[in-house]
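Architecture at a glance
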Amino acid sequence: MLLKCLDRLEEILIATLMGGATTIIFVAVVHRYASGLPVIQNYILHWDFAWAQELCIYMFVWMAKFGAAYGVRTGIHVGVDVVVNRLEPAARGRFIVIGLLAGALFTGTVGSLGSNFVWHMAQTEQTSADLEWPMWIVYLAIPLGSYLMCFRFLQVMVAFLRTGVLPHHDHGHVDGLEDGPPLGVATPSPTDITRS
């Protein structure tokens, strides 16, 4: 139950950050070009969107850090496993576990170093240029995203040890499109089949 809540929270956070950043960029670009139109420039020229670019950069950084953890959980990261897949099953399993442990060790190390960095950054009064947010909040994406990614590596490893299956994503599959006849090819209805 707790893992499902974490999975859902991760997906909602990524989608919200991506959608929010896209919307902010769209509004800022429309504002930039609309402010050159004589008819409406007097109404919108005083709106300040100087902060939009900085906020979108931060949102995409947070989205990328949590998106990387989502990628580990769902198996969408690209991996070079040609040699590992040619090994016999016992050796293959050992190499997969070693790879997952190496990923957990690396992301755990980055998370710990990031936590130390954020701790020291919080002791300063450094703020972002346009938003004037404390920079430690911006950099908090590093330890949070890295620790989540470390947890996902360990979660995948435990699932692999139990079942022998890794999460896999078919890059050729598009959600919402079902396998069926090609477009433009009529499928016979049940009444057509009974008539023939």
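Let me begin by describing the structure that accompanies this report. This structure is a prediction, so every number in the text was calculated from the model and none was measured.

All right, on to unusual backbone geometry then. Glycine aside, residues mostly have negative phi, and peptide bonds are mostly found in the trans state. You will see that Glu132, though not glycine, has its phi angle at about 60°, which is positive. Secondary-structure assignment places Glu132 in the loop between α5 (89–122) and α6 (135–139). Among the residues examined, Glu132 registers a relative accessible area of 58% and is labelled exposed.

A cluster of nonpolar side chains, Met18, Ile25, Val29, Tyr33 and Phe60, forms an exposed patch at the surface whose accessible area comes to about 460 Å². By residue number, the principal contributor to the nonpolar patch is helix α1 (residues 2–34), which donates four residues. Locating Ile25 in the fold gives a position in helix α1.

Let us now look at the packing of aromatic side chains. Scanning the model with the defined rule gives three aromatic pairs in all. With 5.9 Å between their ring centres and 15° between their planes, Trp62 and Phe66 make a pair best called stacked. Of the two residues, Trp62 and Phe66 both sit in helix α3 (residues 52–74), four residues apart, roughly one turn of that helix. Summarising the burial analysis for this pair, Trp62 and Phe66 share the class buried. Centroid distance Phe117 to Tyr139: 5.1 Å. Interplanar angle 85°. Geometry classified as edge-to-face. One end of the pair, Phe117, is in helix α5; the other, Tyr139, is in helix α6, and 22 residues separate them in sequence. The partly exposed category is assigned to Phe117, whose relative accessible area is 38%.

Cut-off values and rules
Residues numbered from 1 in each chain as written. Predicted model: local features only at pLDDT ≥ 70, side-chain atom pairs only at ≥ 80, totals over all residues. Heavy atoms only, no water. Helix = DSSP H or I, 4+ residues; strand = E, 2+ residues; numbered from the N terminus. Buried < 20%, exposed > 50% of the residue type's maximum accessible area, 1.4 Å probe, protein only. Patch = residues over 30% accessible without salt bridge, like charges linked within 9 Å, V, L, I, M, F, W, Y side chains within 5 Å. Areas by Shrake-Rupley, 256 points an atom, 1.4 Å probe, with all protein chains shown as cover. Salt bridge = Lys/Arg side-chain N within 4 Å of Asp/Glu carboxyl O. Phe/Tyr/Trp six-rings, centres within 6.5 Å; stacked < 30°, edge-to-face > 60°.

Read these as spatial facts, not as claims about activity.
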